[in-house]
Amino acid sequence: TNATAPRRITHAATGAVLRRPARPFPHRSSSGPTQAAMGDIHFIVDRLNEPPFSMPLSLVAFDEKSPFELLEIVNAVIREISAEHAANLRDETPEATATRMMDFLFKVLNYQQSLEPEHFKTGLLHGDPGILYPALGWMLERRSELTTRAYLARFLLNVEIPEHMFGDDEILELYQQHKDLQEQFKEAHKASEQSRSQLISPAEIKKAIVQMEEDKEQLERKVEALHTKLHGSDGFEPMLREVGALRVEQDEQLKLAERMKEQRSHAYQAEQRLEQLSRALAGKKAEAGVSDLGRLLQKLEAEVAAMSRRAHEELPRAIVQRQQRHDELQQVLSLPAGSESDTREMLQHRQGLQRAIRELEERKRATASDPDDRLAMFRQQASLVAKKREQVRQRLEAVRRDKANVDAELASKAAEVSQLPDQPVLRGEEFRKYAAELRGKTAQYKRMKAELGGLRAEWGTLSRTVSLLAGQDSSVTSQLSAVEAKRGVAGFAQTEEQLRQAEQLKAEVDSAKGKTLEEISQVVEEINRQIKDNKTRLAPQIKSLRTLRAQHGEIEAEYLEKKGVYDNIKAGFDSELTKLQADLDSAEKEAQQEESSCHYYDTLSAMERVKLQRIADEKEGRALRRAMPDGAVVTTYRELYERRIKEQEAQQRELRERQKALKENHVPNKEQMQLFRDLNKLLRCKVDLQKAARAEAADMAAAEQQESNVLSLGND
């Protein structure tokens, strides 16, 4: 198969047949990928073998995956991160697959890499391991974090809207509602994460329960002591009512503080929306300010003239240049194709260039991490300054928001002060008297605050006492009910209590009715008085408002008429501009394709020139210069390989002679070895017999010596 011949590509989903110049697919050697470390591949395979993927993969099986199978693995990882990408790669075009994956990696997950988008997209289409392996490792390492990011991106990803569409009030309002909902979602998500992080462990709960039980015992002892102390004292019931009213006021104060916080948040959002509407209104006024239709038409005519000049002069010139480039490339394609061996050599040369590039990148990284680098300190300082600048900017925004809130409060206070009647400024002796009164009131405030603290503590004790008494009351009530049932008057105590409560409630309602009628009459009189005052104060403004409404109607009619003319003219120019933009996009896309083909053929040409140079060096004897073991110097690969062939042939002859000698002497040598073994056995047997004979002779000599041993005694 010709390596440079055009290939026919049929897509599985569309069935369309495409023709394009053949390009070598990314090559992977049998030893593994060339652009990923083995540690990264180990990590990828381990993660893919674990749940939820559970792919039974080994390093060899993973390395033998085809480009399409690698894309399916990447799509499976993306589908696990975001369920919106549960798509079958066979049901969509390769272009759509690459675009979808690039948008998800770059826009949603914020994946960082150094390649150009077009090169990255080409690598995705071809299933290049050098692009897919780093992306796989990055996603598998941060899967939980990226899953959260993908979930948040569904709600927080910005919607791209053209600037000219913000002129529509409805679209602007919808966009603002979208932003408000995003802010609400951020707050809700932060609250959810905070609540999850604040979950209390069982050990802490047990510890808190033990502490609360100890506090309960202490409070019970205090309640018993206070019960003994306050038993029969006067003023207990009024004090209890006052404490209850104080607690109600404190709860009301907390609710008012929460409402104040919510109102401030709503006011800030309203201010933001007001600023956006003000900017939109300013833009509208600027557009409406062009009241001279002649000047507007001149501007539009100038734009039309510029577009016409571009369509009749610049674009035809660019088309001619592209056509010439296309003819040149067609001539290159018509040249005879190279052989398969040339293709293999080109691939090997490509691998060599890739290795050289990796070495240069490693040197560059080593240089960047060099401790002697003089710019490292300045880079660190620059990063610190950038962080400090961001922190200062955030503090400035917070201070600005606080300032806006304070200004609003100041304005409201100033308005309240302006409504108050004029009072003289205190000076001299009057001011000193006022200061003395203020100090007295401050001392009284502190004293009453201390008393209030004591009352609060005592109220806590009394509330506990009330709860205990309520429990005792329930038991006594049950006993009383049993006694009433025994005596035949069941429910007497409950009926008596209900009658007493009904009388008390009736007295309270009667009192409240009298107060309510008086308050209502006062409120009605105050409202009528305010209405009369407001009518008197607003009468001149209402007259001027009627005049302004009439003027507004006339101006709005004129504005709508001119806006209709402008919209008609703009629609015509927009359609023409869209058509020209489409032609321009198609021309740019064609130019990019031609440029890519040009770079490809330039690379092939450079590789062929390198091969021709190597052939010329071989012919002239300049290919290499190497000293052989015998001292001879070779200058060409032919001489080098001939000498090596001769050395191998000599070694082969020597080995064959040794083999022949071994075969001829094998049988005699084997017989000789057997004879030597037999002789060794015979000699060992003789030695053993000799040792046995010597031992027997020694035993016999010892026995004879014992028999001749005679004891002789002397004669006295």
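In short, a report on the structure. The structure presented is a predicted model; accordingly, all values stated were derived computationally and were not measured. (Residues numbered from 1 in each chain as written. Predicted model: local features only at pLDDT ≥ 70, side-chain atom pairs only at ≥ 80, totals over all residues. Heavy atoms only, no water.)

So, the nonpolar core
Counting residues in each nonpolar core, the largest one holds 38 residues, and the members touching the most others are L48, F62, V77, I81, L109, L124 and M139. Going through the elements one at a time, α1 (38–49), α3 (67–81), α4 (94–108), α5 (117–126), α6 (129–141) and α7 (143–156) are the ones with two or more residues in this core. For M139, the contacting residues outside a window of four places in its chain are V74, V77, I78, I81, L105, L109 and L146. M346, Y600, Y601 and L604 belong to the second largest nonpolar core, which has 6 residues in total. (Core = buried A, V, L, I, M, F, W, Y, C linked by side-chain atoms within 4.5 Å. Buried < 20%, exposed > 50% of the residue type's maximum accessible area, 1.4 Å probe, protein only. Helix = DSSP H or I, 4+ residues; strand = E, 2+ residues; numbered from the N terminus. Contact = heavy atoms within 4.5 Å.)

Thoughts on the side chain of E594
The residue E594 is located in helix α15 (residues 492–620) in this model. In contact with E594, not counting residues within four places along its chain, are H326 and L329.

Considerations on the environment of W138
By the element assignment, W138 lies in helix α6. Separated by 98 residues in sequence, W138 and D40 have C-alpha atoms that sit 9.7 Å apart. Ignoring any residue separated from it by four or fewer positions in sequence, one finds W138 in contact with L109, N110, Y111 and L146.

Concerning the packing of aromatic side chains
Scanning all chains against the criterion turns up 9 aromatic pairs. Each ring, one from Y600 and one from Y601, has its centre 5.2 Å from the other, and the planes form 65 degrees; the classification is edge-to-face. Judged by relative accessible area, Y600 falls into the buried class, the value being 14%. Given a relative accessible area of 12%, Y601 falls into the buried group. (Phe/Tyr/Trp six-rings, centres within 6.5 Å; stacked < 30°, edge-to-face > 60°.)

A short note on unusual backbone geometry
The omega angle of the peptide bond from P51 to P52 is 5 degrees, so this bond is cis rather than trans. Inspection of the secondary structure puts P52 in the loop between α1 and α2 (59–63). With phi around 60 degrees, N110 is a residue other than glycine that occupies positive phi space. Within the element layout of this structure, N110 appears in the loop between α4 and α5. Owing to a relative accessible area of 39%, N110 belongs among the partly exposed residues under this scheme.

Observations concerning α6
Helix length check: α6 (13 residues) gives 18 Å between terminal C-alpha atoms against 18 Å at 1.5 Å per residue, within 8%. Extensive coverage of α6 is indicated by the burial of 11 of its 13 residues. Burial in α6 covers these residues: P129, G130, I131, L132, Y133, A135, L136, G137, W138, M139 and L140. Between a side-chain oxygen at the N-terminus of α6 and the backbone nitrogen of G130 the separation is 3.2 Å; the capping residue is D128. (Expected span 1.5 Å × (residues − 1). Polar contact = N/O pair within 3.5 Å; in protein donor to acceptor, adjacent residues only side chain to side chain.)

Examining the pattern of salt bridges
On inspection of all chains with the given rule, the structure shows 14 salt bridges. A salt bridge links E141 to R142; the nearest nitrogen and oxygen atoms lie 3.6 Å apart. By relative accessible area, which is 55% here, E141 ends up exposed. Beyond isolated ion pairs, a larger network of salt bridges with shared partners links E390, R393 and E397. (Salt bridge = Lys/Arg side-chain N within 4 Å of Asp/Glu carboxyl O.)

Points about a nonpolar patch on the surface
Together, F676, L679, L682 and L683 make up a nonpolar patch on the protein surface, roughly 380 Å² of accessible area in all. Tracing the sequence through the fold places L682 in helix α16 (residues 637–707). (Patch = residues over 30% accessible without salt bridge, like charges linked within 9 Å, V, L, I, M, F, W, Y side chains within 5 Å. Areas by Shrake-Rupley, 256 points an atom, 1.4 Å probe, with all protein chains shown as cover.)

Topic: α7
The end-to-end C-alpha distance of α7 is 19 Å, a good match for the 20 Å that 14 residues give at a rise of 1.5 Å each. L146, A150, L152 and A153 are the residues of α7 that are buried.

Things to note about the environment of V634
Secondary-structure assignment places V634 in strand β4 (residues 633–634). Exposure remark for V634: the relative accessible area of 2% places this residue in the buried category. A sequence separation of 13 residues divides V634 from G621, and the C-alpha atoms of the two residues are 8.9 Å apart.

With respect to the packing of α3 against α6
At a minimum axis separation of 11 Å, α3 and α6 run at an interaxial angle of 25 degrees. Taken as axis vectors, α3 and α6 run roughly parallel relative to one another. Handedness of the crossing formed by α3 with α6: left-handed. Contacts between α3 and α6 involve L70, L71, I73, V74, V77, I78 and I81 on the former and, on the latter, P129, L132, Y133, L136, M139 and L140. (Axes fitted to C-alpha atoms, helices over the stretch in contact; angles between N-to-C directions. Parallel < 35°, antiparallel > 145°, perpendicular 65-115°, else oblique. Left-handed = near helix turned anticlockwise from the far one by under 90°.)

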